[in-house]
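Close look at the chain arrangement
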Protein chains: 2
Amino acid sequence: MPNFALTEAVYYILLSLMQPLHGYGIMQNVEQLSNGRVRLAAGTLYGAINTLLEKGWITALPGSTDSRKKEYLITDIGKQMVQAELIRLQELITNGNRIMEVHNQ
Amino acid sequence: MPNFALTEAVYYILLSLMQPLHGYGIMQNVEQLSNGRVRLAAGTLYGAINTLLEKGWITALPGSTDSRKKEYLITDIGKQMVQAELIRLQELITNGNRIMEVHNQ
DNA sequence: AACCGTTATATCGGTAGCCGATATAATATA
DNA sequence: TATATTATATCGGCTACCGATATAACGGTT
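First things first, this report covers the structure right here in the doc.

About the criteria used
- Residues numbered from 1 in each chain as written.
- Chains lettered and ligands numbered in written order.
- Predicted model: local features only at pLDDT ≥ 70, side-chain atom pairs only at ≥ 80, totals over all residues.
- Heavy atoms only, no water.
- Helix = DSSP H or I, 4+ residues; strand = E, 2+ residues; numbered from the N terminus.
- Expected span 1.5 Å × (residues − 1).
- Buried < 20%, exposed > 50% of the residue type's maximum accessible area, 1.4 Å probe, protein only.
- Arc of directions from axis to C-beta.
- Contact = heavy atoms within 4.5 Å.
- Buried area = accessible area lost by both parts, 1.4 Å probe.
- Salt bridge = Lys/Arg side-chain N within 4 Å of Asp/Glu carboxyl O.
- Polar contact = N/O pair within 3.5 Å; in protein donor to acceptor, adjacent residues only side chain to side chain.

A few points about helix H3 (residues 42-55) of chain A
In an α-helix there are 3.6 residues to a turn, and that puts residues three or four apart on one side. Residue and element names in this part refer to chain A. Taking 1.5 Å as the rise per residue, H3 with 14 residues should run 20 Å; its terminal C-alpha atoms sit 20 Å apart, in good agreement. Of the positions making up H3, those classed as buried are Leu45, Ala48, Ile49 and Leu52. Viewed along the axis of H3, the buried residues span an arc of 105°, placing them on a single side of the element. More than 90 degrees from the buried face of H3, the exposed residues found are Gly43 and Glu54. Those residues of H3 that are buried are in contact with helix H1 (8-16), helix H2 (23-33), strand S2 (58-60) and strand S3 (71-74). Following H3 by one or two positions, Gly56 adopts a phi angle in the positive range, close to 80°.

A word on the interface of chain B and chain A
The partner chain A presents 32 residues to the 32 residues of chain B that form the contact. Between chain B and chain A, a total of about 3,100 Å² is buried, with carbon and sulfur atoms accounting for 64% of that surface. By the criterion of area lost to chain A, the three top residues of chain B are B:Met18, B:Arg37 and B:Met100, representing 21% of everything that side buries. Summed over the shared surface of chain B and chain A, the result is four salt bridges. Two residues, A:Glu8 and B:Arg88, come together in a salt bridge whose shortest N-O distance is 2.9 Å. Where chain B packs against chain A, one counts ten residue pairs in polar contact (both at pLDDT 80 or more). At the level of elements, helix H1 (8-16) and helix H4 (76-102) of chain B are the ones that each hand at least two residues to the side of chain B that touches chain A. Top element by residues in the side of chain B that touches chain A is H4(B). It accounts for 16 residues.

Keep in mind these numbers describe shape, not what the thing actually does.
Next up, the structure:
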């Protein structure tokens, strides 16, 4: 019941896949998207891609020109997960601000 | 460089300890604080308390009336971590909203 | 064609955090 | 005194992340 929190890595991977991208492109996009703060390790990225495929939150697109590249895209379910995460994040901030103000300075 | 993200459990534990509380009180407070969404398992709670003590983000208060209860309180460092987390969370939301709007419907 | 740096995917072992179960004990209540 | 609740602690298992390493394809240069 509690645990539908997304990790930062998964969150940014899903955001990146609002456009079609291959793994390495996700890596670069996440770093840019987060103003250089979040750098995905290779193990994190390709591990997460596999679990997200299994969950059906992202899907693999058919072949590209470059035989190395495998492109992915977020699914409708994946988008719903991002929306739910945005709500959860907003709750964290609201609760955090409230508590910090009550016991303030 | 990337990883100063707090887990949801640690975040709510730190918020709870803006007031003096013992472990079990934290459990109840976190559940209430999160509108019943986050329920800490015992292993999570007492494990997190130990790592937070080691990091100096919380401190143990001297004895209470009830010989069972051990009370804790957030430290200045802990408060700084919560403030940093609030900024990180706000960035996640800002980035998320921007991306979701750009590729909108 | 041969070389080389970059791009790209994949796997592995280690570590940390969360969970649920279990154990144990002190306190409060009936 | 018996029982339920409160309270802390530990354990094994699972998942996620990390950094290192391996492998290969592509692009550009000579």
